[in-house]
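Reading the structure
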Amino acid sequence: MSDRDVSRALADAVIEAVIGTPGVAFLRPGLVDLLRSSAVLRRGLPSTPAGSAGVQVRRQKDTQDWSVEVYVVLHRGRRALDVTREVRSAAAQAVQRVTGEPAAPGIAVTVTGRV
């Protein structure tokens, strides 16, 4: 399996894990997701799940460890610190499930908004 395939599998696993975390409203949409949503609304086409911009996975060149960046929007009324800890834990478990190795400390969670 190539790095690109593993990267995609990691991103998909992390997206699924993060979306299921209590307190997470959704992943930050990217420009492509917003444009796709707009086109879907105008045409009435079935949409594809958004969120690829909310999770970025890269392989570190020097250590060969995986680096994961997660951008989430949270529900109001939940402590951001608690939710981000849960998101980080869920992402680490997803990385371990896909790679079979303990997750490296390179998992960053950024809260981009609240709804």
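As a starting point, this report considers the structure included with it.

1. Observations concerning the overall build of the protein chain
Across its full length, the protein chain carries three helices and four strands. Reading the protein chain from its N end, one meets helices and strands in the order α-β-α-β-β-α-β. Taking all 115 residues of the protein chain together, 35% fall into the buried category. A separation of at least 24 residues holds for 68% of the contacts in the protein chain among residues at least 6 apart in sequence. In the form shown here, the protein chain has an accessible surface area of approximately 7100 Å², with 53% of it arising from carbon and sulfur atoms.

2. Quick notes on the packing of helix 1 (residues 3-19) against helix 3 (residues 80-99)
Running from N to C, helix 1 and helix 3 point in directions that differ by 145°, and their axes come no closer than 8 Å. Considering only the axes of helix 1 and helix 3, their crossing is right-handed. Of the residues in helix 3, those touching helix 1 at A9, L10, A13, V14, A17 and V18 are V87, A90, A91, A94, V95, R97, V98 and T99. Residue classes in the contact of helix 1 with helix 3 are distributed as twelve nonpolar, one polar and one charged.

3. Observations regarding the environment of R59
Mapped onto the fold, R59 is located in strand 2 (residues 55-59). In this structure, the C-alpha to C-alpha distance between R59 and R4, residues 55 residues apart in sequence, is 9.6 Å. If near-sequence neighbours (up to four positions away) are discounted, R59 is found in contact with D3, Q64, D65 and W66. A polar side-chain atom of R59 sits 3.2 Å from a polar atom in the side chain of D3.

Parameters at a glance
Residues numbered from 1 in each chain as written. Predicted model: local features only at pLDDT ≥ 70, side-chain atom pairs only at ≥ 80, totals over all residues. Heavy atoms only, no water. Helix = DSSP H or I, 4+ residues; strand = E, 2+ residues; numbered from the N terminus. Buried < 20%, exposed > 50% of the residue type's maximum accessible area, 1.4 Å probe, protein only. Contact = heavy atoms within 4.5 Å. Areas by Shrake-Rupley, 256 points an atom, 1.4 Å probe, with all protein chains shown as cover. Axes fitted to C-alpha atoms, helices over the stretch in contact; angles between N-to-C directions. Left-handed = near helix turned anticlockwise from the far one by under 90°. Nonpolar A, V, L, I, M, F, W, Y, C, P; charged D, E, K, R; others polar. Polar contact = N/O pair within 3.5 Å; in protein donor to acceptor, adjacent residues only side chain to side chain.

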